[in-house]
Amino acid sequence: MTTNADAMTQNLIRDGLAEAFHLLRTTALPAIDATCFELQHIPTGAKFIHIDTRDQENTFGVAFKTVPQDSTGVAHILEHTVLCGSKQYPVRDPFFSMLKRSLSTFMNAFTASDWTMYPFSTQNEKDYYNLMSVYCDAAFFPKIDQLSFKQEGHRIEVERSPGAEDDGNADTWQLVYKGVVYNEMKGAMSSPDQVCKRSLLNALYPDTTYRFNSGGEPADIPSLTYEQLLAFHQRHYHPSNAFFYSYGNFPLTKQLAFIKKEVLNRFDAIDPNTEVVSQPRWQTPREATYYYPLSLTEDSQKKCQACLGWLTADIKDAYEVLVLTLLEEILLGNAASPVRKALIDSGLGTSLSDGTGFDPDNRDTMFAVGLKDISETDAPQVEQIILSVLRDLSTGGIDPSLIEAAIHQIEFHRKEITNTPYPFGLKLWLAFCGTWFHGGDPTRVLQFDADVEQIRKEVQAGDFFERKIRQYFLDNPHRVLFKLLPDSELSQREEARTAEELSGIKSSLSASHVEQIKQDASALAALQDSHEDLTCLPTLVRSDIPVTIHSFEKSAQYQPDFGVCYEVASAGIFYYTAALGIGALPAALIPMVPFFCYAFNKVGTEKYDYVDMARRIDAYTGGVGVGAHARTAAGGNRSCVPFMLLEGKCLSRNQAHMFDIIEELSLRVDFSNHDRLAQLIREYRSGLESMVVHNGHRLAMSLAARQFSPQASLQETWYGVSQLKHIKALTEKLDADTLSEMAAKLRAIATGLFMSGNTKAAYIGGASDLEKSLEFDKAFQEKMPPGDRGNGSLPLFQVPEMGPMGETLPREGWYTSSAVSFVSKTFQAVSIGHPDAPALAVISKMLRSLFLHREIREKGGAYGGFSLYSSEDGQFSFASYRDPHIVRTLSTFDDAYGFICSGEFSDQDINEALLQVCSEIDKPDPPGPGARKSFLRTILSMTDELRRQYKTDLLAINREKVMAVARTYFGDPSQGQAVAVISGKEQLEAANKAMGNAPLTLHAI
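Residues numbered from 1 in each chain as written. Predicted model: local features only at pLDDT ≥ 70, side-chain atom pairs only at ≥ 80, totals over all residues. Heavy atoms only, no water.

### Some remarks on the overall build of the protein
Right, on to step 1. Each helix and strand counted, the protein has 35 helices and 27 strands in total.
Right, on to step 2. Relative to its length of 1005 residues, the protein is compact, with a C-alpha radius of gyration of 29 Å against a globular reference of 30 Å.
Right, on to step 3. On the principal axes, the C-alpha backbone points of the protein span a range of 80 × 70 × 65 Å.
Right, on to step 4. A total of 1005 residues make up the protein; the buried ones form 59% of that total.
Right, on to step 5. Expressed as a percentage of contacts within the protein between residues at least 6 apart in sequence, the contacts between residues at least 24 apart total 82%.
Right, on to step 6. A total accessible area of about 38400 Å² is found for the protein, and carbon and sulfur atoms account for 49% of it.
Right, on to step 7. Positive and negative side-chain charges of the protein, numbering 96 and 126 respectively, have mean locations separated by a distance of 1 Å. (Helix = DSSP H or I, 4+ residues; strand = E, 2+ residues; numbered from the N terminus. Rg over C-alpha atoms; globule rule 2.2 N^0.38 Å. Buried < 20%, exposed > 50% of the residue type's maximum accessible area, 1.4 Å probe, protein only. Contact = heavy atoms within 4.5 Å. Areas by Shrake-Rupley, 256 points an atom, 1.4 Å probe, with all protein chains shown as cover. Lys, Arg positive; Asp, Glu negative; His and termini not counted. Charge placed at Lys NZ, Arg CZ, Asp CG, Glu CD.)

See below:
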């Protein structure tokens, strides 16, 4: 037993916990300077893992194995419903209310195929226990009342026909399905990638829980009963089926004592019967065909997907899971990877199919690979390409450099500490939770060095990965040829089926049943409108907010000619970030900038073709690339700041190689391979098309905002619907002339960027890393073509105007294949540095939490309704996500003006909004990414003094200031507003009929 184990055992004895908790194992995690403690609650069998570290961003969560036996979405609906009030906190929405009363850096809940998780992160210990109390009470002692089930899951309501009187005549009303999860899944199942991934599970696991849609099929959700939901909770949300997790520097025994008292002491052990059996293996491969909805306005040619999917290793076998993770990197990881390259080079499709890659999260892991945007008749050829490459590799051998590059990528990304997209503590849990939930060894996932060394020995002995290819792919009969085909009538058939189903229900209802439906709707509306006493919920107060701001100081020891240095403890990883002025590019090149960024590290150079360059990048770096940014400068005239970021990161030992790669790409990038260019532009278009349903609210906000400033116009041109339409037009006819013109524009962009005097760099890492990097970068800078250095500062010019900034603001509808809507309204306010900016930030949180959440999500059934204020550019936006309404939501946005000007809120409401704003400001960053953010702030003239003053003004916010700012900017909802809606064409046309004299101008995406 280690010293850590001895100390922890003594702590358990000291705190009277030794009889309740058994310390199973203590494991050192030197790679992240942490210790992992595994414990089990003796009476109930509840499991607990704590990772003890010096990280001040602490994470806690509880998870349950949830094993659905149908596609009613019971696990997903339960995840929503338990957060609608509990025994100790009997309020309507304690989860959402705690977002307002906390300084959390993360709060959410997840439903996966066979587990449900409730995690949060915070730096404040008082906040930590507040949230732990609410989360545990919600999970183990929820109210789960029928009205919450109807609100979050599904319900039937009576809806009058447009313009009809409520006279009881059956011809004047109809039944409709409503519910937050119901509408969320209608939106999700409008997305080809969601349909693909869920259908692939159905095809590969026909005999286990994975064949069901754990999120819920819209057609099946209405069959879930309230009693079934209660029974599912009773069986699954029990300590005997619970997995507790904590990470950070808060003491473990205090957490154990809290959970023991508040939860575990109230339960006896049960057998939850949640083991997931292994899928019986097939003796011969199979085929399966599924369909996804496509808009009637879209061409269905070459809109199919085809892939091969295999069941592979048991999730509990950490060694084999690592082997398959490396195989994914070898076969698919970059443009040089043999299976990826063969598929893309075939020209049959644009990009790898949705769901491609190794999925290690199910009881039996799976591997899939294929192509999207193909013809249905090409599916057998896709299969043959994949199998042919695998056969060649198994007999002819794998290039050893591919294996080394794969091992390097695993080493780099498991060493790097980031908080994107989740806090690091949560990312660790997500990395090992699957094997833990199914009875595997979680520490093997975190400590993989021994397994890597064993793999190296096997490789040296010969034929290792070649044998694994035969084992998992060529000789594995549990394989499916999976096809996903477009169906332009699927949405209409589903709507007709739903209408017929509801019509049948209507015809069977008695008058008393109809009256009961109306009474339920009235009761739910009354509940949603009620003003609750939230004093039972714990909260932080204004004095709990730190007055300081996070910042990273530039190193005074190093003062390079070309930028700034940040000496940080970055775990042996070096970061390089260089800003390049882009404002001087001709206007004709501006729309091509995002594709330039996409293609930059994928086309090759004068010395290396794209295959060799891809191998070099993977072998020596954690990534090298460029990205375009359209930002707004702080202070002064608030000018648009367009710039490119050239970035790379590597292990310290690979600095020289990384700078060689950066130099080669920057100075000798080559766009002359037209075949490769055509591949990339099609792949890029496919990615843009798939983002519409996932990020519809962001795209709608971008459309609405685009005429308020050059920055907003440029942002829309680069990352909005305008970019998708530009690329669509460009790819309609990809002949030699089009490709030559495209290549010339891309070369011109490179020439306009990579010249001396046009860069300012940040060097981030340890002291020895900085010294070496300055020498490497100096040599790189001296090789750049001459440019106008001027005074040595980065030339950041006003961006050329992208189009007419008309006096009439847009009021538009953009249609695509979507069963739900994304609604946005935007106006221009003021930005950071203005006295009103802090109050606008607070108002945005108040509107969301006090008004929009209730009106758009709870009442309207949308997945989300919110308001956003950008202190950088001063834009204020309203938006909804996966929304069944358009006209109602636009009216709600107008009503929000009256609400905030009415003053119908308390000082506590203001304090809660202030907590939300400050939790975003104070969100911590690991050293490497944090220093990068600090550097970007220098580009935007966002000084620490300005940030500190903004926070000081925030902390001084009072009711008088909020009311004054509300009257200034929200007095008239008709002034200066731009509207954009993304939805299906039929929904938009119906909305226009309802709006009469104020219709939306309709456009196709």
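### Quick look at the sheet that holds strand β26 (residues 978-983)
Right, on to step 1. Spatial ordering of the open sheet is given by β24-β25-β23-β26-β22-β27, a layout of 6 strands whose pairing is mixed. Strand pairing shows two members of the sheet lacking a second neighbour, β24 (864-869) and β27 (1001-1004), which therefore form its edges. Direction aside, the axes of adjacent strands within the sheet are offset by 15 degrees on average. (Pairing = 2+ DSSP bridges. Axes fitted to C-alpha atoms, helices over the stretch in contact; angles between N-to-C directions.)

### Overview of the pattern of salt bridges
Right, on to step 1. Scanning the entire structure with this criterion turns up 55 salt bridges.
Right, on to step 2. Arg932 is the partner of Glu647 in a salt bridge, and the nearest nitrogen-oxygen pair spans 2.5 Å. Here Glu647 is found in strand β20 (residues 640-651), whereas its partner Arg932 is found in helix α32 (residues 927-939), with 285 residues between them in sequence.
Right, on to step 3. Take Arg932: its relative accessible area is 24%, and that puts it in the partly exposed class.
Right, on to step 4. For the salt bridge of Arg888 with Glu855, the shortest nitrogen-to-oxygen distance reads 4.0 Å. Separated by 33 residues along the polypeptide, Arg888 in helix α30 (residues 887-902) and Glu855 in helix α29 (residues 837-859) bring together distant segments of the chain. (Salt bridge = Lys/Arg side-chain N within 4 Å of Asp/Glu carboxyl O.)

### What about the packing of aromatic side chains?
Right, on to step 1. With the rule as written, the count across this model stands at 59 aromatic pairs.
Right, on to step 2. Between Tyr598 and Tyr684, the ring centres sit 5.2 Å apart and the planes meet at 40 degrees, which makes this aromatic pair tilted. Here Tyr598 is found in helix α20 (residues 593-599), whereas its partner Tyr684 is found in helix α23 (residues 674-694), with 86 residues between them in sequence.
Right, on to step 3. Sitting above the plane of the Phe448 ring, Arg414 keeps its charged end 4.4 Å from the centroid.
Right, on to step 4. Lying over the aromatic face of Tyr863, Arg857 brings its terminal NZ or CZ to 5.4 Å of the ring centre. (Phe/Tyr/Trp six-rings, centres within 6.5 Å; stacked < 30°, edge-to-face > 60°. Lys NZ or Arg CZ within 6 Å of the ring centre and 35° of its normal.)

### Comments concerning the pairing of strand β4 (residues 58-65)
Right, on to step 1. Within β4, 8 of the 8 residues are buried, which leaves the element mostly enclosed by the surrounding structure.
Right, on to step 2. On β4, burial covers both faces: Asn58, Phe60, Val62 and Phe64 on one face and Thr59, Gly61, Ala63 and Lys65 on the other are all buried.

### Some details on the confidence of the model for the protein
The predicted coordinates of low-pLDDT regions are not to be read in fine detail.
Right, on to step 1. Residues with a pLDDT of 70 or more make up 97% of the protein, whose mean pLDDT is 93.
Right, on to step 2. In this model, residues 789-806 is a region of pLDDT below 50 whose contacts with residues beyond four sequence positions or in other chains number 45 contacts. (pLDDT = per-residue confidence, 0-100.)

### Examining the nonpolar core
Right, on to step 1. In this structure, Leu39, Tyr118, Met132, Phe140, Phe244 and Ile259 are the most contacted members of the largest nonpolar core, which totals 91 residues.
Right, on to step 2. In terms of residues, this core owes the most to one element, helix α4 (residues 125-140), which gives 10 residues.
Right, on to step 3. Residues Phe574, Ala578, Phe780 and Phe822 belong to the second largest nonpolar core, which totals 83 residues. (Core = buried A, V, L, I, M, F, W, Y, C linked by side-chain atoms within 4.5 Å.)

### Looking at the packing of helix α11 (residues 338-345) against helix α12 (residues 379-396)
Right, on to step 1. As a packed pair, α11 and α12 sit with axes 10 Å apart at the nearest point and diverge in direction by 145 degrees. Where α11 crosses over α12, the handedness of that crossing is right-handed. Residue-level contacts link Pro338, Val339, Ala342 and Leu343 of α11 to Val382, Ile385, Ile386, Val389, Leu390 and Leu393 of α12. (Left-handed = near helix turned anticlockwise from the far one by under 90°.)

### Things to note about the sheet that holds strand β18 (residues 573-581)
Right, on to step 1. Strand order in the open sheet formed by 5 strands is β17-β21-β18-β20-β19, with mixed pairing between adjacent strands. The open sheet has two free edges, formed respectively by β17 (563-567) and β19 (623-632), since each of these has just one partner strand. Within the sheet, the average angular offset between the axes of one strand and its neighbour, ignoring direction, is 15 degrees.
Right, on to step 2. Where β18 and β20 come together, 9 bridges link them in antiparallel fashion. Considered in β20, the bridge of Ile573 is made with Leu651.
Right, on to step 3. Its contacts with the sheet place helix α13 (residues 400-415) against β18 and β20, and it is angled at close to 115 degrees to β20.

### Description of the environment of Met98
Right, on to step 1. Within the fold, Met98 resides in helix α3 (residues 94-100).
Right, on to step 2. Taking C-alpha positions, Met98 is 14 Å from Asn124, a pair spaced 26 residues apart along the chain.
Right, on to step 3. Those residues in contact with Met98 that sit more than four places away from it in its chain are Met107, Asn130, Leu131, Val134, Leu537 and Pro538.

### Describing the packing of α23 against helix α26 (residues 721-731)
Right, on to step 1. Axis separation between α23 and α26 bottoms out at 10 Å; the angle between their running directions is 145 degrees. Between α23 and α26 lies a crossing whose hand is left-handed. Facing Ile681, Tyr684, Arg685, Leu688, Glu689 and Val692 of α23, the residues of α26 in contact are Gln723, Leu724, Ile727, Lys728, Leu730 and Thr731.
Right, on to step 2. Looking at the contact of α23 with α26 residue by residue, the classes come out as 7 nonpolar, 2 polar and 3 charged. (Nonpolar A, V, L, I, M, F, W, Y, C, P; charged D, E, K, R; others polar.)

### Description of unusual backbone geometry
Right, on to step 1. For the peptide bond that leads from Thr420 to Pro421, omega is 0 degrees, which places it in the cis range.
Right, on to step 2. When you line up the elements, Pro421 lands in the loop between α13 and α14 (424-437).
Right, on to step 3. With phi around 55 degrees, Asp33 is a residue other than glycine that occupies positive phi space.
Right, on to step 4. Located in the positive-phi region is Arg882, a residue other than glycine, with phi close to 50 degrees.
Right, on to step 5. Mapped onto the elements of the fold, Arg882 is located in the loop between β25 (875-881) and α30.
Right, on to step 6. A relative accessible area of 8% means that Arg882 is categorised as buried.

### Some thoughts on α14
One full turn of an α-helix is made of 3.6 residues, so residues set three or four places apart face in the same direction.
Right, on to step 1. The first and last C-alpha atoms of α14 sit 20 Å apart over 14 residues, in line with the 20 Å expected at 1.5 Å per residue.
Right, on to step 2. Turning to α14, its buried residues number three or more, namely Phe424, Gly425, Leu426, Leu428, Trp429, Phe432, Cys433, Gly434, Thr435, Trp436 and Phe437.
Right, on to step 3. Phi turns positive, to about 95 degrees, at Gly439, one or two residues after α14. (Expected span 1.5 Å × (residues − 1).)

### Let's talk about the side chain of Asp883
Right, on to step 1. Take Asp883: it is sitting in the loop between β25 and α30.
Right, on to step 2. Although Asp883 lies buried, it forms no salt bridge, and the closest oppositely charged side chain, Arg888, sits 6.7 Å away as judged by the N-O distance.
Right, on to step 3. In terms of polar contacts, Asp883 uses its side chain to reach the side chain of Ser880, at 2.8 Å.
Right, on to step 4. Non-local contacts of Asp883, meaning those with residues more than four positions away in its chain, are made with Val820, Ser821, Val823, Ile856, Ala862 and Thr889. (Polar contact = N/O pair within 3.5 Å; in protein donor to acceptor, adjacent residues only side chain to side chain.)

### Brief notes about the environment of Gly833
Right, on to step 1. The residue Gly833 is located in the loop between β23 (822-828) and α29 in this model.
Right, on to step 2. Expressed as a C-alpha distance, the spacing of Gly833 and Met942, which sit 109 residues apart in the sequence, is 9.9 Å.

### Description of the pairing of β20
Right, on to step 1. Within β20, 10 of the 12 residues are buried, which leaves it mostly tucked inside the rest of the structure.
Right, on to step 2. Bridging between β19 and β20 involves 10 bridges; their strand directions are antiparallel. Across the sheet, Gly623 pairs through a bridge with Lys649, a residue of β20.

### So, α13
Right, on to step 1. Relative to the 22 Å expected for 16 residues at 1.5 Å per residue, α13 spans 23 Å between its end C-alpha atoms, a close match to the ideal helical length.
Right, on to step 2. Those residues of α13 that sit buried are Leu402, Ile403, Ala405, Ala406, Ile407, His408, Gln409, Ile410 and Phe412.
Right, on to step 3. Measuring from the side-chain oxygen of the N-cap residue of α13 to the backbone nitrogen of Ser401 gives 2.9 Å; that N-cap residue is Asp399.

### Focus on the side chain of Asp93
Right, on to step 1. Residue placement: Asp93 occurs in the loop between α2 (74-81) and α3.
Right, on to step 2. Buried charge without a partner: Asp93 forms no salt bridge, and the closest opposite charge is Arg857, 5.5 Å away.
Right, on to step 3. Looking at Asp93, its side chain comes within polar contact range of the main-chain nitrogen of Phe96, at 3.0 Å.

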